[in-house]
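Letter by letter, the chains look like this.
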Amino acid sequence: MTIAISSEQSESKPLYQRVLRAFVDVRELTLIVMIALIIIVMANLNPYFLSLSNFRAMSVGMAPTAVIVIGMAILLASGGFDLSVGSVMALSSTVVAMLMLSGMSIPMAVVCALLLGAVAGLSNGLLVTGLGINPLIATLGTMSIARGIALVLTEGFSLSNLPTAFAWVGKADIGGLPVLVLMTLALVVVFDLAVRHTRFFRQVYFIGANEKAAMLSGIHVNRVRIIAYVLTGILAALAGILLASRLMSGTPTAGNGIELQVLAAAVIGGASLRGGEGTILGAFLGVVFVALINNSMTMLAVSIYWQMIVIGAVLVSAVALDMLIRSKRG
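Residues numbered from 1 in each chain as written. Predicted model: local features only at pLDDT ≥ 70, side-chain atom pairs only at ≥ 80, totals over all residues. Heavy atoms only, no water.

### Some details on the overall build of the protein chain
Then step 1. Check the secondary structure of the protein chain and you find 15 helices and two strands.
Then step 2. The proportion of buried residues among the 330 residues of the protein chain is 48%.
Then step 3. If you sum the accessible surface of the protein chain, you get close to 16000 Å²; carbon and sulfur atoms cover 70% of it. (Helix = DSSP H or I, 4+ residues; strand = E, 2+ residues; numbered from the N terminus. Buried < 20%, exposed > 50% of the residue type's maximum accessible area, 1.4 Å probe, protein only. Areas by Shrake-Rupley, 256 points an atom, 1.4 Å probe, with all protein chains shown as cover.)

Below, the structure is given as structure tokens:
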């Protein structure tokens with residue numbers, strides 16, 4: 001009876017209120033509208049904004065962040081998060097470069113770097129599930145360790161003179177579109193479909209929404225969380241490999257602050273720090289939104305320091321909006 005009354009009340013609301021509620025509930029739709037508005041405004045403020053070269057540079061630049069946000073969105077849905085993704089990206093970028101410079105083949109070097117990312121993710125997962133360490137402390141620790149190892153291995157210098165063939169992914173085009181962007185879009189589509197339609201990823205959401213209920217229903221909570229951390233580590237390592245291919249160098253200082261951008265994008269895209277919500281598509285649109293803001297401020301000659309302030313303000317606003325929406329629903 002309560003549901004019926006609630007439904008009737010909802011239908012009796014004015015059309016504009018129902019449309020507004022739909023925009024709030026479907027975060028992807030909200031982001032698409034906001035992205036369109038930014039493009040329209042910037043097209044009037046700076047004619048170069050709509051140029052092909054600008055969109056190409058922006059899409060290639062945001063590709064590593066988009067790869068990492070896939071894992072972060074899944075982790076947030078499970079009730080966890082990972083602050084070490086930027087350091088793992090830098091370490092894998094450094095290691096893949098070192099291995100190729102030592103004579104290892106490109107495929108083997110890439111596999112080893114991905115395995116390194118898996119080990120970093122496994123370490124995070126075991127610290128959180130096995131030892132019960134808070135994800136904030138556990139991933140802050142691995143963030144420092146991974147960054148430190150990258151700097152020790154290179155003494156702070158970038159590694160260049162990589163094999164020419166390694167540049168294919170980072171610099172080549174297919175049909176006029178960068179391979180790097182095509183790979184990123186393919187990953188977003190595959191993982192978005194997997195999250196929506198596979199049993200394992202649905203378990204991630206059950207755990208994030210109600211861990212005790214998930215456990216009672218027979219879900220192996222710790223195992224699922226560990227796999228989520230391993231997946232995030234692998235994706236962070238892949239982002240480092242892609243970055244090394246684009247820059248043709250292993251950079252131990254890469255990814256400084258990228259964890260903030262990834263978190264902001266995921267939360268803006270509908271993920272919640274409390275778990276149980278969010279989509280890969282929403283997180284990707286969040287990355288596009290943040291990239292557009294950065295690009296717009298750059299084209300308007302806004303200082304890089306102000307850009308950091310704006311991204312931080314956007315993150316706080318997104319979390320505040322998420323909590324407000326949850327309180328209204330409650």
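### Looking at the nonpolar core
Then step 1. One finds Ile74 and Phe191 to be the most contacted residues of the largest nonpolar core, which totals 78 residues.
Then step 2. The residues contacting Phe191, other than those within four sequence positions of it, are Ile70, Ile74, Phe201, Leu231, Leu235 and Ile280.
Then step 3. Judged by nonpolar contacts, the second largest core, of 13 residues, contains Val110, Ala113, Leu162 and Ala167. (Core = buried A, V, L, I, M, F, W, Y, C linked by side-chain atoms within 4.5 Å. Contact = heavy atoms within 4.5 Å.)

### Observations concerning the pattern of salt bridges
Then step 1. Under the definition given, this model contains four salt bridges.
Then step 2. Of the charged contacts, one joins Asp192 and Arg196 as a salt bridge, the two residues approaching to 2.7 Å between their closest N and O atoms. On the criterion of helical spacing, the pair formed by Asp192 and Arg196 is a turn pair, its members being four residues apart in helix α9 (residues 179–197).
Then step 3. On the accessibility criterion, Arg196 (36% relative accessible area) is partly exposed.
Then step 4. Two residues, Glu211 and Arg225, come together in a salt bridge whose shortest N-O distance is 3.2 Å. In this pair, Glu211 is assigned in helix α11 (residues 211–216) and Arg225 in helix α12 (residues 221–247), connecting sequence segments 14 residues apart.
Then step 5. Exposure remark for Glu211: the relative accessible area of 32% places this residue in the partly exposed category.
Then step 6. Taking the relative accessible area as the measure of exposure, Arg225 reaches 15% and is therefore buried.
Then step 7. Here the salt bridges do not stand alone but share partners, grouping Glu28, Asp192 and Arg196 into one network. (Salt bridge = Lys/Arg side-chain N within 4 Å of Asp/Glu carboxyl O.)

### With respect to helix α6 (residues 106–129)
Then step 1. With 24 residues, α6 extends 34 Å between its outermost C-alpha atoms, agreeing within 8% with the 34 Å of an ideal straight helix rising 1.5 Å per residue.
Then step 2. When we look at burial in α6, the residues that qualify are Ala109, Val110, Ala113, Gly117, Ala118, Gly121, Asn124, Gly125, Val128 and Thr129.
Then step 3. For α6, the secondary structure elements touched by its buried residues are α5 (85–101), α7 (135–154) and α12. (Expected span 1.5 Å × (residues − 1).)

### Comments concerning α12
Then step 1. Under the 1.5 Å per step criterion, the end-to-end length of α12 is 39 Å for 27 residues, consistent within 8% with the ideal 39 Å.
Then step 2. α12 sits mainly inside the fold: 20 of its 27 residues count as buried.
Then step 3. The positive-phi residue at the C-terminal boundary of α12 is Met248, with phi of around 55°.

### With respect to the side chain of Ser92
Then step 1. Looking at where Ser92 falls in the secondary structure, it is placed in helix α5.
Then step 2. Of the polar contacts made by the side chain of Ser92, one reaches the backbone oxygen of Met89; its length is 2.9 Å.
Then step 3. When near neighbours in sequence (up to four residues on either side) are disregarded, Ser92 contacts Ala113, Ala236, Ala237, Gly240 and Ile241. (Polar contact = N/O pair within 3.5 Å; in protein donor to acceptor, adjacent residues only side chain to side chain.)

### Topic: the confidence of the model for the protein chain
Then step 1. When pLDDT is averaged along the protein chain, the result is 85, and 89% of the positions lie at 70 or above.
Then step 2. Ranking the helices and strands of the protein chain by mean pLDDT puts α6 first, with 95, and helix α1 (residues 2–12) last, with 42. (pLDDT = per-residue confidence, 0-100.)

### Quick word on the side chain of Ser87
Then step 1. Here Ser87 is to be found in helix α5.
Then step 2. Polar side-chain contacts of Ser87 include one of 2.9 Å to the backbone oxygen of Met143.
Then step 3. Every residue in contact with Ser87, bar those within four places of it in the chain, is listed here: Met143, Ala146 and Arg147.

### What to know about the packing of helix α4 (residues 52–78) against helix α14 (residues 280–299)
Then step 1. At a closest axis distance of 8 Å, the pairing of α4 and α14 adopts a crossing angle of 140°. Relative to α14, the crossing made by α4 is right-handed. From α4, Asn54, Met58, Met62, Thr65, Ala66, Val69, Ile70, Ala73 and Ile74 reach across to α14, where they touch Ile280, Ala283, Phe284, Val287, Val288, Ala291, Leu292, Asn295 and Met299.
Then step 2. A per-class count over the contact of α4 with α14 returns 15 nonpolar, three polar and no charged. (Axes fitted to C-alpha atoms, helices over the stretch in contact; angles between N-to-C directions. Left-handed = near helix turned anticlockwise from the far one by under 90°. Nonpolar A, V, L, I, M, F, W, Y, C, P; charged D, E, K, R; others polar.)

### Comments concerning unusual backbone geometry
Then step 1. We note that Met248 has phi near 55°; this positive angle belongs to a residue other than glycine.
Then step 2. A relative accessible area of 17% means that Met248 is categorised as buried.
Then step 3. Non-glycine residue Ala301 carries a positive phi angle of around 60°.
Then step 4. Tracing the chain through its elements places Ala301 in the loop between α14 and α15 (304–329).
Then step 5. Take Ala301: its relative accessible area is 68%, and that puts it in the exposed class.

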